Every structure is written in C-alpha cells, then in structure tokens.
Amino acid sequence: MELTPWVASWFLPFVTPICIYVAYMDMKSMRIPNPSVVALFAVFAIVGLVALPFDVYLWRYVHLVVALLIGMGLNAGGLVGAGDAKFVAAAAPIVALADLSQIALIFATALLAAWLAHRVAKHTVIRRMFPDWDSWTMKKDFPMGLALGPTLVVYLTTPFF
C-alpha cells in the first residue's frame, strides 16, 4: 500500500465528517449535495499541499480528471448518479494510484455491507426513527454514498493496522 500513516493522518480528520454527511444525506434524500463534494475537493487542495510531496500533489489532479470523465460516462449510461460520480472524482486525488486494487476491494466490501445493512434497517425500528428518508422507498436505486463515504474513510485508516 502506497498510502502512508503520515498522509492518512492529515486527510482522515477532515474527510471523515464529510463522508458521514454524504452517507446520511444520500440515505435521506438520494442526493449527494454539491457543497460536500466541493468540501472534499477543498480538503485535498489544501491538506494535500502539506501531506504530499509537491510533484505527487500535482499529479493527483490527473486522478480527479480521469475519475470525473469515467463518472460522466457512467452517469450518461444511467449506471451511477451524478452525485456519486462527482464524489468519486473529488475523492480520487486522495487515493494513490498504486492503491487502486485495495480501494476496489474496500469498495466492494463496503457496498455489500451497506446494501445489506440498508435492506435490513428498512424493516426495523430504524425506519421508524427516520421515516422521511427517501432511500427507504426506492425500488431500483440505492444510496451509493452509504458505501462511498465509508470506503474512503476505511482506506485512510488502513495504514494504521
């Protein structure tokens, strides 16, 4: 894994609240708010200057562009939501290219866990606690922020274990 504890410790405290908010809002409204995506990008733009060597920092912007282009294509094909694509693009510079296979594994695990937890929770008291969440009534769509946010947080905690 290329992610070091130094880099992770700089990003983690700023990224975690954004990811929690994204997961919550996506379950509540089936939307990832643009200000949260902008905030995630701002975290990279500011914290990245301290956490990463400058040449690496600059190259990581290529991650954003590539992820955004792929996300736009997937969104145009109806495979992912626009907010999901923007969130992934904003998160992409935080992820080292060498760690792509690890983040894919983390995402696959988070997606399965999020889907299962969401499907179980909608048949429990949790649904009565949050009856206005749009995600409860979606037949086909799923709040991907519930998996995307934890994926980034788990990725940033892996150097510590």
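Residues numbered from 1 in each chain as written. Predicted model: local features only at pLDDT ≥ 70, side-chain atom pairs only at ≥ 80, totals over all residues. Heavy atoms only, no water.

Q: Just give me the short version of the pattern of salt bridges, but keep the residues and values in it.
A: Side-chain pairing between opposite charges can occur once the charged atoms of the two side chains come close. What the rule picks out here adds up to one salt bridge. Of the charged contacts in the structure, one is a salt bridge between Asp132 and Lys28, with a shortest N-O distance of 3.1 Å. With Asp132 in the loop between α6 (125-129) and α7 (145-157) and Lys28 in helix α1 (residues 5-29), the pair connects residues that are 104 residues apart, well separated along the chain. Among the residues examined, Asp132 registers a relative accessible area of 46% and is labelled partly exposed. A relative accessible area of 25% places Lys28 in the partly exposed class. (Salt bridge = Lys/Arg side-chain N within 4 Å of Asp/Glu carboxyl O. Helix = DSSP H or I, 4+ residues; strand = E, 2+ residues; numbered from the N terminus. Buried < 20%, exposed > 50% of the residue type's maximum accessible area, 1.4 Å probe, protein only.)

Q: Please give an account of the environment of Val37 that cites residues and values.
A: Take Val37: it is sitting in helix α2 (residues 34-51). By relative accessible area, Val37 is classed as buried at 10%. On a C-alpha basis, the gap between Val37 and Tyr24 in space is 14 Å, while along the polypeptide they are 13 residues apart. In this view, Val37 contacts Ile32, Lys86, Phe87 and Ala90; residues no more than four positions away in its chain are not counted. (Contact = heavy atoms within 4.5 Å.)

Q: Which residues make up the environment of Arg128, and what values do they have?
A: When you line up the elements, Arg128 lands in helix α6. For the pair Arg128 and Ser101, spaced 27 residues apart in sequence, the C-alpha separation works out to 38 Å.

Q: Give me helix α5 (residues 100-121): which residues, what numbers.
A: Helix length check: α5, at 22 residues, gives a terminal C-alpha distance of 30 Å against a target of 32 Å (1.5 Å per residue), a fit within 8%. Listed in full, the buried residues belonging to α5 are Ile103, Ile106, Ala110, Ala114, His118, Arg119 and Ala121. (Expected span 1.5 Å × (residues − 1).)

Q: Tell me about the packing of α1 against α7, and name the residues and values.
A: For the pair α1 and α7, the least separation of the axes is 8 Å and the interaxial angle reads 165°. One element, α1, and the other, α7, form an angle in the roughly antiparallel class. For the crossing formed where α1 meets α7, the hand is left-handed. Each of Ala8, Phe11, Leu12, Val15, Thr16, Cys19, Val22, Ala23, Asp26 and Met27 in α1 lies in contact with α7, whose residues at this interface are Gly145, Leu146, Gly149, Leu152, Val153, Leu156 and Thr157. Counted by class, the contact of α1 with α7 contains twelve nonpolar, four polar and one charged residues. (Axes fitted to C-alpha atoms, helices over the stretch in contact; angles between N-to-C directions. Parallel < 35°, antiparallel > 145°, perpendicular 65-115°, else oblique. Left-handed = near helix turned anticlockwise from the far one by under 90°. Nonpolar A, V, L, I, M, F, W, Y, C, P; charged D, E, K, R; others polar.)

Q: Let's hear about a nonpolar patch on the surface: which residues, and what values?
A: A grouping of Trp6, Trp10, Phe14, Leu49, Val50, Phe54 and Leu58 is seen on the molecular surface, where their side chains present a nonpolar patch of about 720 Å² in accessible area. When contributions to the nonpolar patch are tallied by element, the ones reaching two or more residues are α1, α2 and α3 (54-76). For the nonpolar patch, the element with the most residues is α1, which contributes three residues. Here Leu58 is to be found in helix α3. (Patch = residues over 30% accessible without salt bridge, like charges linked within 9 Å, V, L, I, M, F, W, Y side chains within 5 Å. Areas by Shrake-Rupley, 256 points an atom, 1.4 Å probe, with all protein chains shown as cover.)

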